[in-house]
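# A look at the structure
Residue strings, one per chain:
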Amino acid sequence: MQPPFIYPLTLSFKILALAPQLSVRDANGNLLFYVRQKLFKLKEAVTVFADEEQRDPRYYLNADRIIDWSANYNFQRNGGGSIGSIKRQGMRSLWKARYDISSGRNGQMNIEEENGWIKVMDGLFGEIPIVGILSGYLFHPVYLISDDLSLAF
């Protein structure tokens, strides 16, 4: 079965927006998703839309707590059906970011940052006044995805 889009996918971020926003387009320039994070929410809340006008919400991502430490983020379809969740491993994520992905259909998967030094260098460079805003352009973390069932992903 062919995916409904053509690779590669392009992510575009709105830099001068109050709320973080991004669009995902395929190689033909077709909009696949428009993502917008809600402002002024104590708990993280993100909505994924099918259009830039934000009239057709497709998915919701909501945190289960205010503080991000080991928070569980639940993914839901527009109709309310749960897709799964992702949880950051609190203490284990101090050196390298680690997350657990859960889904009723596909079991459990794990995401782990490949090199902890990239996270350290990004954090240190990000603290330098004015120059620190460029840290995202210099350091590029790589994440490894594995599953408990040893299936290809």
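Whatever comes next refers back to the structure up there.
Residues numbered from 1 in each chain as written. Predicted model: local features only at pLDDT ≥ 70, side-chain atom pairs only at ≥ 80, totals over all residues. Heavy atoms only, no water.

### Some details on the overall build of the chain
The test is simple: Elements are defined by DSSP. Helices are runs of H or I of four residues or more, strands are runs of E of two residues or more, and each kind is numbered from the N terminus. Only the protein chains shown count as cover for residues, and the accessible areas themselves come from Shrake-Rupley with a 1.4 Å probe.
Secondary structure summary: the chain contains 2 helices and 10 strands in total. Total accessible area computed for the chain in this model is approximately 10900 Å², and 60% of it derives from carbon and sulfur atoms.

### Brief notes about unusual backbone geometry
Of note in the backbone geometry, Gln54 takes a positive phi value of approximately 60° without being a glycine. Residue position: Gln54 is located in the loop between β4 (45-49) and β5 (57-63).

### With respect to the pairing of strand β3 (residues 31-37)
Basically, it comes down to this: A pair of strands counts as paired when DSSP detects no fewer than two bridges linking them.
Strand direction decides the pairing type here: strand β2 (residues 21-25) and β3, joined by 5 bridges, are antiparallel. Residue pairing in the sheet places Leu22 in a bridge with Val35 of β3. Between β2 and β3, which pair antiparallel one after the other, the connecting turn spans 5 residues, and Gly29 there sits at a positive phi close to 85°. For β3 and β4, the ladder comprises 4 bridges, and the chain directions are antiparallel.

### Section: the pattern of salt bridges
The condition that has to hold: Whenever a carboxyl oxygen of Asp or Glu lies within 4 Å of a side-chain nitrogen of Lys or Arg, that contact is scored as a salt bridge. Residue exposure (1.4 Å probe, protein chains only): buried if accessible area is under 20% of the type maximum, exposed if over 50%, otherwise partly exposed.
Following the criterion strictly, the structure yields 7 salt bridges and no others. Note that Arg55 is salt-bridged to Asp51, the shortest N-O span being 3.4 Å. In this structure Asp51 comes out as buried when scored by relative accessible area, which is 13%. Several salt bridges converge on common partners, so that one network encompasses Asp51, Glu53 and Arg55.

### A closer look at the nonpolar core
As a reminder, the rule being used: Each nonpolar core is a collection of buried residues, namely Ala, Val, Leu, Ile, Met, Phe, Trp, Tyr and Cys, held together in the definition by side-chain atoms within 4.5 Å. Contacts are residue-level and defined by heavy atoms, with any inter-residue pair within 4.5 Å sufficient.
Judged by nonpolar contacts, Leu22, Val24, Leu32, Val35, Val46, Val48, Leu61, Ala63, Ala71, Tyr73, Ile86 and Ile111 together constitute the single largest core of 12 residues. If you list the elements that add at least two residues to this core, you get β2, β3, β4 and β5. Leu22 has contacts with Leu11, Ser12, Phe13, Phe33, Tyr34 and Val35, leaving out every residue within four places of it along the chain.

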